[in-house]
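Reading the structure
Residue-level listing of the chains:
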Amino acid sequence: YRYIEPYKIIKELTLVKKYFKTDKICFFDEVFSEPVDYAKELLVKIIKSKVKIRFEICDNPACIDEEYVYLLKRAGCSGIMLSADACSEAMLKSLKKGFTLKEVQKAAELFSKYNIPYFLTLLLGAPGENKKTIMEGFDFIKKLPGTSAVLLNYGLRIQSKTGIYKYCKDKCLLNEQGLLKPLFYLSKRIK
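Throughout this description, residue numbers start from 1 for each chain and increase along the sequence as written. With pLDDT at 70 or above as the cut-off, local features in this predicted model cover only qualifying residues; side-chain atom pairs require 80 or more to be listed or tallied, and sums for whole chains, interfaces and linings still use all residues. Only heavy atoms go into the side-chain values, all of them from the structure, while hydrogens and water stay out.

A word on the packing of aromatic side chains
Convention followed: Each aromatic pair joins two rings of Phe, Tyr and Trp (for Trp, the six-membered one) with centres within 6.5 Å, and gets the label stacked for planes under 30 degrees apart, edge-to-face for over 60, and tilted for any other angle. Burial classes follow relative accessibility: with a 1.4 Å probe on protein chains only, a residue under 20% of its type's maximum area counts as buried, one over 50% as exposed, and anything between as partly exposed.
One pass over the full model with this rule turns up seven aromatic pairs. Each ring, one from Phe111 and one from Tyr118, has its centre 5.6 Å from the other, and the planes form 50°; the classification is tilted. By relative accessible area, which is 1% here, Phe111 ends up buried. By way of ring pairs, the aromatic residues Phe27, Phe32 and Phe55 are connected into one cluster.

What follows is the structure in structure tokens.
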């Protein structure tokens, strides 16, 4: 992790609001809530600062609890990109996400309860993906409260030092061209 002291973030928010005449920003942090204690501390300081700025975040369901969502709402969160990446238990395990569908459901319910719009991002085509896991995912999504959109990414970008790279290398699925030109993995079980 690379931490920025909360007072520095408050100062930047104040400057952005003043010089760019905006009251809306997006935090580009893949998982805003991790580590959750730091995220909560930052949100409390944003609330106390009275900077009054609306913001959007990217997050995943692993660390989301009611206190965190309550602080998001009070601090000015106006939207969340929720990186569930899969909506079937089998695919969450395949992707080694570290959270379950129950946690995705809980996050969706809390966002809905606090009226924070969110959309899901999913990765289709990981190892083990098939029509059954895709349909399980779509059935699960239909039951989630308050989902405003779903962004589907088809195929997994292969990047060095990642789990999908090791998987492809172990299965001899990589050619010798290197990774300067993007390579993608797509389960052969789906069309």
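Some details on the sheet that holds strand 5 (residues 147–154)
This is how it is decided: Between any two strands, pairing holds if DSSP finds at least two bridges. Elements are defined by DSSP. Helices are runs of H or I of four residues or more, strands are runs of E of two residues or more, and each kind is numbered from the N terminus. Lines fitted to the C-alpha atoms define the axes, with helices restricted to the stretch that makes contact. Angles between their N-to-C directions range from 0 to 180 degrees. Residues are treated as being in contact if the distance between any of their heavy atoms lies within 4.5 Å.
The strand order across the open sheet formed by five strands is 1-2-3-4-5, and the pairing between neighbours is parallel. Of all the strands in the sheet, just strand 1 (24–26) and strand 5 have a single pairing partner and so form its edges. Within the sheet, the average angular offset between the axes of one strand and its neighbour, ignoring direction, is 15°. Contacts from helix 3 (residues 66–75) reach strand 2 (54–59) and strand 3 (77–85) within the one sheet, and its direction differs from that of strand 2 by about 150°. Across the sheet, helix 5 (residues 101–113) lies against strand 3 and strand 4 (118–124), angled at about 165° from strand 3, the strand it touches most.

Description of unusual backbone geometry
Here the bond from Glu34 into Pro35 is cis, since omega is -5°, no more than 30 degrees from zero. Position of Pro35 among the secondary structure elements: in the loop between strand 1 and helix 2 (36–49). Located in the positive-phi region is Cys172, a residue other than glycine, with phi close to 60°. According to the relative accessible area criterion, Cys172 is exposed, its value standing at 67%.

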